[in-house]
Amino acid sequence: MEVLRVTGGRRLVGEVSLAGAKNSVLKLMAATLLAPGTSTITNVPDILDVEIMAELMRRLGCDVHHDRDGGLVRIDVPEQPDHRADYDLVRRMRASICVLGPLVTRVRAADVALPGGDNIGSRGLDMHVDGLRRMGADVTSEHGYLLAQASDRLQGAHTWLDFPSVGATETILMAAVLAQGETVIDNAAREPEIVDICQMLLAMGACIEGVGTSTLTIEGVERLDPVEHATVPDRIVAGTWAVAAAMTQGDVFIRGGHADHLAMPLEKLVTAGASIDEEPGGFRVRMDGRPQAVDIVTLPYPGFPTDLQPQFIAMNAIAEGAALVTENLFEARFRFVQELARLGADVRTDGHHALVRGRARLSAAPVEATDIRAGAGLVLAGLVAEGETTVYGVSHIDRGYAGFIPKLQGLGAGIVRMDQPD
Ligand code: EPU
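Rules used throughout
Residues numbered from 1 in each chain as written. Predicted model: local features only at pLDDT ≥ 70, side-chain atom pairs only at ≥ 80, totals over all residues. Heavy atoms only, no water. Helix = DSSP H or I, 4+ residues; strand = E, 2+ residues; numbered from the N terminus. Buried < 20%, exposed > 50% of the residue type's maximum accessible area, 1.4 Å probe, protein only. Contact = heavy atoms within 4.5 Å. Areas by Shrake-Rupley, 256 points an atom, 1.4 Å probe, with all protein chains shown as cover. Lys, Arg positive; Asp, Glu negative; His and termini not counted. Charge placed at Lys NZ, Arg CZ, Asp CG, Glu CD. Pairing = 2+ DSSP bridges. Near = heavy atom within 4 Å. Polar contact = N/O pair within 3.5 Å; in protein donor to acceptor, adjacent residues only side chain to side chain. Nonpolar A, V, L, I, M, F, W, Y, C, P; charged D, E, K, R; others polar. Domains from an automatic or database assignment. Axes fitted to C-alpha atoms, helices over the stretch in contact; angles between N-to-C directions. Salt bridge = Lys/Arg side-chain N within 4 Å of Asp/Glu carboxyl O.

Asks: Can you walk me through the overall build of the protein chain in this structure?
Replies: For the protein chain, the count of helices and strands is 14 helices and 26 strands. The 422 residues of the protein chain split such that 57% are buried. Of all intrachain contacts in the protein chain linking residues separated by at least 6 positions in sequence, the fraction that spans at least 24 positions is 74%. Of the accessible surface of the protein chain, which amounts to about 16,200 Å², a share of 45% is contributed by carbon and sulfur atoms. Taken together, the 38 basic and 56 acidic charged side chains of the protein chain have centroids lying 5 Å from each other.

Structure follows, in structure tokens:
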């Protein structure tokens, strides 16, 4: 077991490069199942979740070559993939559910272990299931598995999502590209990662209209071809670097960053006092002085992303003034606040609201990351806390941030990875 030792008080200055988005690449890998033959995905981040996804694809009968240094995954998909995603992998990575849509449409069966806490019809997967049922799949749940079957080719259907769920949009989209006839997804998610998947599917021969809007219209085709596709850069990692630069009163150029994918968070940073400059190949974030507190409300894209909420709470914890943070997607995300309080942050939560009163200083302490973004938020807080903060639960950070520690070191941060003390 390893920990991070973070020494607070240093400005971050320099340049970082972005790799592809975790929340895109996993789905792109699943989408390769839609076409027999060899597909290649580039700009792949070197993170744990890609390893887990590669293992899942192998168990489905694919031959997977993962070049970690080259940022490339090559997947050879057989004519008849297997259709079972076992619990041991799904429990390590909830995103494994993304093989559901491709499998049910391509091999007409999918047995996917249910991620903990979810059940058919309950919050979590109901929209995925409803979409597939509308297309003619028979979906049940037994012994902890979601079992989807189709006796024939899926039929295009009109679906309305109650909420623009990223995962449900992807499941229905990937099922629809090989279905018979037209599928319409209304109130679809339109995150840049969804656009990325649409672009890959289009290159494979799919017919999709309305890409990037909240109505996707898909005309199913009989067969798709393998493809080579570059993953969209990770906007959440870019946003994390942007907050890190602002909090440490630094100056960081984020190479590969698309400022237009981060319009709302960057606008919030400007309100906090940062300056953002788009430059060829990326954007720069600079900050002089202590940030001003900024209110945020998380919402589906183009709203403020929930995946940057902990990082902004960390910034508000040292800002001038008080901020109200409203979390509309994942209430459990506020669990990280208790850890931040160990560093002296003044945060009160009530339901899906958190009131953050900025403090002039935080003081180092041992803290534990409970998920990827909580981990990032705690590291950022450690960068500005007085003393040495020890962050436990590093594996969470490794799931989503490629080369995080060397990149931080390259910007001048005081951070090292070390064996967990006894
Ligand atoms: N929901 C339902 N029913 C469904 C689907 C979703 O009730 O059928 C609810 C969920 O319970 C949740 C909300 O809708 O409260 C949002 O869920 P959504 O489906 O949009 O999210 P997701 O696909 O499960 C992805 C990312 C998350 C990111 C969210 C929102 C991946 C692998 N995960 O999750 O990323 O927070 O979209 O943008 O793409 C992370 O990277 O740290 C992370 C958690």
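After that view, the rundown keeps rolling.
Asks: Sorry if this is basic, but what is going on with the pairing of strand E7 (residues 109-113) here?
Replies: Burial analysis of E7 places five of its five residues in the buried class, which makes it a mostly covered element. Of the two faces of E7, the one holding Ala 109, Asp 111 and Ala 113 and the one holding Ala 110 and Val 112 are both buried throughout. Pairing of strand E6 (residues 84-85) with E7 involves two bridges; the strand directions are parallel. When the bridges of E7 are listed, Ala 85 appears paired with Val 112. Inspection of the sheet shows E7 paired to strand E9 (residues 145-149) by five bridges, in the antiparallel sense. Looking across to E9, one finds that Ala 110 is bridged to Ala 148.

Asks: Quick question: what am I supposed to make of the site of the ligand here?
Replies: Within the structure, the ligand sits among 20 residues, and Lys 27, Asp 126, Met 127, Ser 165 and Asp 307 are positioned closest to it. Between Arg 333 and the ligand, the recorded distance is 3.1 Å, taken from a side-chain N or O atom to an oxygen atom. Elements represented by at least two residues in the shell around the ligand include exactly helix H1 (22-31), helix H5 (126-134) and helix H6 (166-176). Classifying every residue of the shell around the ligand by side-chain character gives seven nonpolar, six polar and seven charged. Split by domain, the shell around the ligand shows at least three residues from each of two domains, domain 1 (2-18 + 233-419) and domain 2 (22-230).

Asks: What is the right way to read the sheet that holds strand E17 (residues 282-286) from this model?
Replies: The strands that make up a sheet are held in pairs by hydrogen bonds between backbone atoms, and each pair lies either parallel or antiparallel. Here we have four strands laid out as an open sheet, ordered E2-E15-E17-E16, and mixed in their pairing. Here the strands that pair on one side only, and so sit at the sheet edges, are strand E2 (13-17) and strand E16 (275-279). Strand-to-strand twist of the sheet, defined as the mean angle between neighbouring strand axes without regard to direction, takes the value 20°. In this structure, strand E15 (residues 251-255) lies alongside E17, joined through five bridges in antiparallel fashion. Within E17, the position partnered with Asp 251 by the bridge is Arg 286. Where helix H8 (residues 235-247) meets the sheet, it contacts E2, E15 and E17, and its direction lies at approximately 25° from that of E17.

Asks: Could you clarify how one ought to interpret the pattern of salt bridges in this entry?
Replies: A side chain with one charge can pair with a side chain of the opposite charge if their charged atoms come near. Overall, the coordinates contain 20 salt bridges when judged by the stated rule. The salt bridge involving Glu 55 is made with Arg 58; its shortest N-O contact spans 3.9 Å. Taken as a pair, Glu 55 and Arg 58 lie in helix H2 (residues 48-59) at a separation of three residues, close to a single helical turn. Arg 58 sits in the partly exposed class, given a relative accessible area of 37%. Of the charged contacts, one joins Asp 398 and Arg 417 as a salt bridge, the two residues approaching to 2.8 Å between their closest N and O atoms. With a gap of 19 residues between them, Asp 398 in helix H13 (residues 394-400) and Arg 417 in strand E26 (residues 414-419) connect regions that are remote in the sequence.

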